[in-house]
Every structure is written in C-alpha cells, then in structure tokens.
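# Results of the structural survey
Each chain, letter by letter, is given below.
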Amino acid sequence: MDCKKHNLAAFMLETMRQSNPFFFFPIFIFCASFAFADDDFDLPDDVQKAEVPASAEEVPEGPINFAPIEETTTSEPAPASNRPENVNSRKIAPATSAKSDTSYKEKKKLTPLNNRSAKAIVDSYLPVADEPVTDVPVTDVPATFKEHLIPEELDRPLRVGIYTGVKELYLKYQGETVRVTPHGNMVRFEADGNSTEDIAHEFNSEDGGCLAVAADKKSLGKACYPGSIMFRNTNGKLDAINSVDVEDYLRGVIPYEIGKLDSSRIEALKAQAVAARTYAYKHFNSRESVGFDVYADTKDQVYKGLESATPLTDAAVKATAGVVMTYGGEFIIAYYHSTCGGVTETLATWNRADLPYLKSVPDKRPNGKPWCDESSYIKWERRFADKEIAKLFKANANEAKAVFGSTNGKDFKKVKSIKIKDKLKSGRIMTLRVETDKGYFDVLTDRTRWLFKKAGTILPSSFFTVKKEGKEWVVTGTGFGHGVGMCQMGVRARAQAGQSYQEILSHYYQGITLEKFDR
C-alpha cells in the first residue's frame, strides 16, 4: 500500500495539485469494522469497563485496592471444540543461519506487510495431528531458555488500531495542529485554514521521536506514539493505525496491564513484559479483516503510546528484549488476571479444551497464605435483597447463558434457593443451580458472574459461596477475574520476595520454554 510519507505542508500541496481522476480510487473498501479476530483465540468477556482503570495515574502506588486490567474482548468467545488448535496454536518458524540483508532493524523503516492470506498463515502453523493433554504433575522448575534469530515473518512492526470508527482526531505534526476527519470515502486534513483530502496518509515520527494523536486538542500535549501513524476512512468512519516496533509497543502496554511498581518488584514488570510480548507476536496477522494486528484497548492489550512509560517499566522491557513463551514450538496463550485467591484455574472455566501449560496450580506462600493476599479482592462480599434477586436473574439469564429445566422456566417470579451443584478443580463454581417457583435453571462456570450483574458490574470472580441471611442473599468470594494463567497480584508479591521472572512464569505457565528473538 503506497501511502505518502512526508511533511504535512508538502503533502497538502501535492494532493491539491492532483488532477488524475483515478488517484482517489477507494483502495480501503475491503476494510470492514469488525470486533472479532480472524482466528479463535480471542478472550471471553471478563471485566466490565467500570472495573478497569482509565489511566495509569488512577492506579494506586500501593498494592491495596489495585484492580489491574485483564486481557479481554467485548465479543463472545469462539465455539469451543476438542481441538487445541481452536485457540490457534502457532508454530514458530525456524530462524535462518544468518541475518537477511533486508532485516527490519537494518532497513530502519516499515517493511511491506505479509501478502499471504490470514488463512494461509494460520494453516501453515497448525500442528499435523492432535496431541492429547496429559495430566502432568505441577512443578516449579524454571523454564529452559533458547536464543535464535527472529523468524522472518515476525521481523516487522506491529500494527495497532489506536483509534477505530471515530468521527474526529487531532494530530500534532511539525508544529501544526491538524484536524483529521472522514469525508465521504476520503480522509480530510485541516490545518491553519487549509484543507486537503486523501484516501489514506501515513505520518512518520522523526529522529526517534513520537507523534501526538488524540481525540481532542487538550490531550495532544501528553500523547506520544512512536513509529508511524496511518489515517484511513473505513465505511465513513476514521481509523488511526500505529505501526510500531514490538519493544516500543510494550513500553506503552506494561504501565496499564500491571500498574506502577517500585524497583523491588521489577521482576513482576519483566514477567508482564514477556506475557505481553508473547500475546503481541501471537496476534501477528490475526485481524486481517480490519487491516491491523491488535486493538489498543481491552479487546487485546491496553496501549496508549509512551505517555505513561517510566524508566522502570522501560528497564523491564529492555531487560527481557525479545523473550517470549512457547510450548512445543508454539506461542502460548498467555492469559492473566488480577487475583487468583490462592489457586489458578484451567480453561474449564470457559468450557474449553485444556492446554497443558494452563493448569490449576496452588499459589500460596510457605506459610499457607495466598501470594495475592495484598489484593483488596482476597475476600469480597456482595449482598442482594430478596425482592431484587428474581428481577436481576431474569434480566441477566440470557447473558449468563442460563439453561432452564422446563419450557416455562423463564417466567419465574420468585427464587427459592441458590445452590452450588458442583465445583471445578480449583474450587471455582462449575454448576450453580437456582430453584424457582417455575422449576430450576443452571448457570455454568465463569458465566455465574454475569448472573449477579447489577448496575453494569459483574461479580469479581466465580470463586464464591451463596447463603440466605434473613431477607438478603449474601455472596462471599475470593479473587478478581477468570483465574486462568498468571495471577498479577501473586506476581507482584513473588517478585518482592526475590523470585526471578523466569521462576514466576514457569510456575503459572507449566512446562514452557522461554525463547529469545535476536534481531
């Protein structure tokens, strides 16, 4: 795609002089605005927006009351199957013995996007045959470490959709404030009383600096996106796509995914950096229908450029540069959550096939207390009036995917009892049975959190008990989030206790290999 890359004044002058009627051919007509990836490894809904810090500044310095962001999408997970590939295994291609003359680092500019289709790319990484997941004992042996050149198909910038489907953006470029809007099937740029239009235009940061792009003029002062930014028109709405080196991308992710920590917990930052880097590489070419790799919000990982990067978070990224997690030569799915409550969960909480590195592992100190006990979610309680519980359950039954025992079961007016029918290995709920005046209905696993949704907020976790006290239903639980993979509050405590990021990751992701990509 031949988007122009030069200063704004020259761009406006050249565009206004254009007289070729075919110059504005709508090359972006193929771009559809979908929220789903082209594969099956999107994460299920997990955390409501009300529970997500709006910025790093809102995350407390101390561990108490910290509720970090979980990897999520706003879409429903893809249908589960018994094939592990349903969460998109990805083989890492063997590196060549010598660096290519046209490597990304040596070019110091954007490389052309891979022109293979998403299906062709994914199919090339699928394992030949399924391998059954065996019940291997839990261990805390540090992961083995391999180092090699980065595979060619990963040696390019990550494409991040920092703004999608908006009506207006502002860009600070070479001292000018530029208003960017969609206009018909074009993009309009306005600055100092002048305006011009183009199908798409890409701006490059200069001399290792960054570009300021924001939804309003006031926010331009702190915005800082390294790499380049392309503006395009998609179905009459404006998109801004940041092409950025993966390591610079991580500098803008870590402050939002685990919060601000002091130097005593830098190993926690390193662990988060490796998890986030693995996630990023696994998503290369995963969203070709929208023309980029990842979103910059909770559909993937929160990224706001370098506005909240700190020397400590930068140091964590640099210290782990190129390090990713693999299992059997494939990138792992690096799920993580805030607070596990002392034990993590398997993919059974989403009714999905197990993966060998995502086990239910105990997460307790030698004294028996959970590593995540500094979290304010180590114990929580919610109370619901008897007169409101039936209304809540009726309103939430569809979202909670309730299974009714009779055809008229949805017409209930009174809740008689709420019982935990069975539990998962960790102690989280497998089946919650609700008896009503019209029979009963069941809600499974993590969806139980949605059953109790009130004022837009779901339960912190599915690790809870329910009892009736007078005219109230009392829900008491532990943990925050789905419980799968890395427990971020546990990571913080383990790091402060002196554990290395290798030890930490090896505990939460059993049997992994750490691979370091050199460029």
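Within each chain, residue numbers correspond to sequence positions counted from 1 in written order. Where totals are concerned, whole chains, interfaces and linings use all residues; where local detail is concerned, this predicted model gives features only for residues with pLDDT of at least 70, and gives and counts side-chain atom pairs only at 80 or more. Remark: hydrogens and water are excluded; side-chain values derive from all non-hydrogen atoms of the structure.

### As for the overall build of the chain
What counts as a helix is a DSSP run of H or I of at least four residues, what counts as a strand is a run of E of at least two, and both are numbered from the N terminus. Within the chain, the secondary structure is distributed over 11 helices and 23 strands. For the chain, with 519 residues in total, the buried portion stands at 55%. Put simply, of all contacts in the chain between residues at least 6 apart along the chain, 73% involve residues at least 24 apart. Only protein chains enter the calculation, and the probe is 1.4 Å; a residue is then buried if its accessible area is under 20% of its type maximum, exposed if over 50%, and partly exposed in between. The contact criterion used throughout is that any non-hydrogen atoms of two residues lie within 4.5 Å.

### Side note on the state of the cysteines
Whenever a pair of cysteine sulfur atoms sits within 2.5 Å, that pair is classed as a disulfide. Applying the stated criterion across every chain yields a total of one disulfide. Through a disulfide, Cys210 is tied to Cys224; the S-S separation comes to 2.0 Å. Taking the sign of the torsion about the S-S bond as the criterion, the disulfide between Cys210 and Cys224, at about -105°, is left-handed. With Cys210 in the loop between strand S7 (200-204) and strand S8 (212-214) and Cys224 in the loop between S8 and strand S9 (228-234), this pair connects stretches of sequence that are 14 residues apart. According to the relative accessible area criterion, Cys210 is partly exposed, its value standing at 34%. Note on Cys224: relative accessible area 16%, which makes it buried. This cysteine, Cys340, is not joined by any disulfide, and Cys487 carries the nearest cysteine sulfur, 3.5 Å off.

### Quick notes on the nonpolar core
Buried Ala, Val, Leu, Ile, Met, Phe, Trp, Tyr and Cys residues form a nonpolar core when they are joined through side-chain atoms within 4.5 Å. Phe231, Tyr249, Met325, Leu505 and Tyr509 are the most contacted members of the largest nonpolar core, which has 82 residues in total. Looking at this core, the element that brings in the most residues is helix H6 (residues 266-282), giving 10 residues.

### What to know about the packing of helix H10 (residues 488-496) against helix H11 (residues 501-508)
Where helices are involved, their axes are fitted lines through C-alpha atoms of the stretch in contact, as for all axes, and angles between N-to-C directions lie from 0 to 180°. At a minimum axis separation of 10 Å, H10 and H11 run at an interaxial angle of 145°. Viewed along their axes, H10 and H11 form a crossing whose handedness is right-handed. Along its contact with H10, which presents Gly490, Val491, Arg494 and Ala495, the element H11 presents Ile504, His507 and Tyr508. Only Asp, Glu, Lys and Arg are considered charged, only Ala, Val, Leu, Ile, Met, Phe, Trp, Tyr, Cys and Pro nonpolar, and every remaining residue, Gly among them, polar. In terms of residue class, the contact of H10 with H11 is built from four nonpolar, two polar and one charged. By convention the crossing between two helices is left-handed if the near helix lies anticlockwise of the far one by an angle smaller than a right angle, and right-handed if it lies clockwise.

### Here's the deal with the sheet that holds strand S20 (residues 464-469)
By the convention used here, strands pair only if DSSP detects at least 2 bridges between them. Across the sheet, three strands lie side by side as S15-S21-S20; this open sheet has antiparallel pairing. Every other strand in the sheet has two partners, leaving strand S15 (380-385) and S20 as the edge strands with one partner each. Across this sheet, the average inter-strand angle for adjacent strands is 20°, counted without regard to direction. Sheet topology places S20 next to strand S21 (residues 472-477); six bridges connect them, and they run antiparallel. Directly across from Thr465, in S21, lies its bridge partner Thr476. Sitting on the sheet, helix H8 (residues 386-396) touches S15, S20 and S21, and the angle it makes with S15 is about 95°.

### Notes on the confidence of the model for the chain
Confidence per residue, as judged by the predictor, is encoded in pLDDT with a range of 0 to 100. On average, the chain scores 80 in pLDDT, and the residues at 70 or more come to 73%. Between residues 1-6, whose pLDDT stays under 50, and residues either more than four places distant or in other chains, the model counts 20 contacts.

### Describing the sheet that holds S8
Across the sheet, which stays open at both edges, the five strands sit in the order S6-S5-S4-S3-S8 with antiparallel pairing between neighbours. Because the sheet does not close on itself, it has two edges, and the strands there are strand S6 (194-198) and S8. The average undirected angle you get between the axes of adjacent strands in this sheet is 25°. Bridging between strand S5 (residues 186-191) and S6 involves five bridges; their strand directions are antiparallel. Residue pairing across strands places Glu190 opposite Ser195, the latter belonging to S6.

### A closer look at the pairing of S7
Counting buried positions along S7 gives four out of five residues, so the element sits mostly inside the fold. In the sheet, S7 pairs with S9 via five bridges, with the strands oriented antiparallel. Bridging from a neighbouring strand, Phe203 pairs with Ile229 of S9.

### Quick look at the pattern of salt bridges
Any carboxyl oxygen of Asp or Glu within 4 Å of a side-chain nitrogen of Lys or Arg constitutes a salt bridge here. For the coordinates displayed, the defined rule picks out 25 salt bridges. When the shortest N-O distance is used, the salt bridge between Arg179 and Glu168 registers 2.5 Å. Note that Arg179 is positioned in strand S4 (residues 176-183) and Glu168 in the loop between strand S2 (158-166) and strand S3 (169-173), a separation of 11 residues in sequence. Judged by relative accessible area, which is 31%, Arg179 ranks as partly exposed. Across the salt bridge formed by Lys270 and Glu267, the nearest N and O atoms sit 2.8 Å from each other. Within this pair, Lys270 and its partner Glu267 are both found in helix H6, separated by three residues, close to a single helical turn. We classify Lys270 as buried; its relative accessible area is 15%. Overlapping salt bridges, with partners in common, bring together Glu381, Arg383, Lys467, Glu469 and Glu472 in one network.

### Quick notes on the packing of H6 against H11
When two helices pack together, their arrangement is given by the angle between the helix axes and the distance between those axes. H11 packs onto H6 with a crossing angle of 55° between their chain directions and a minimal axis gap of 8 Å. As the angle between them shows, H6 and H11 are arranged oblique. In terms of crossing hand, the pair formed by H6 and H11 is right-handed. On H11, the residues that touch Glu267, Lys270, Ala271 and Val274 of H6 are Tyr501, Ile504 and Leu505. Residues belonging to the contact of H6 with H11 are distributed by class as follows: five nonpolar, no polar and two charged. Any angle that falls under 35 degrees is termed roughly parallel, while one over 145 is termed roughly antiparallel, one within 65 to 115 roughly perpendicular, and all others oblique.

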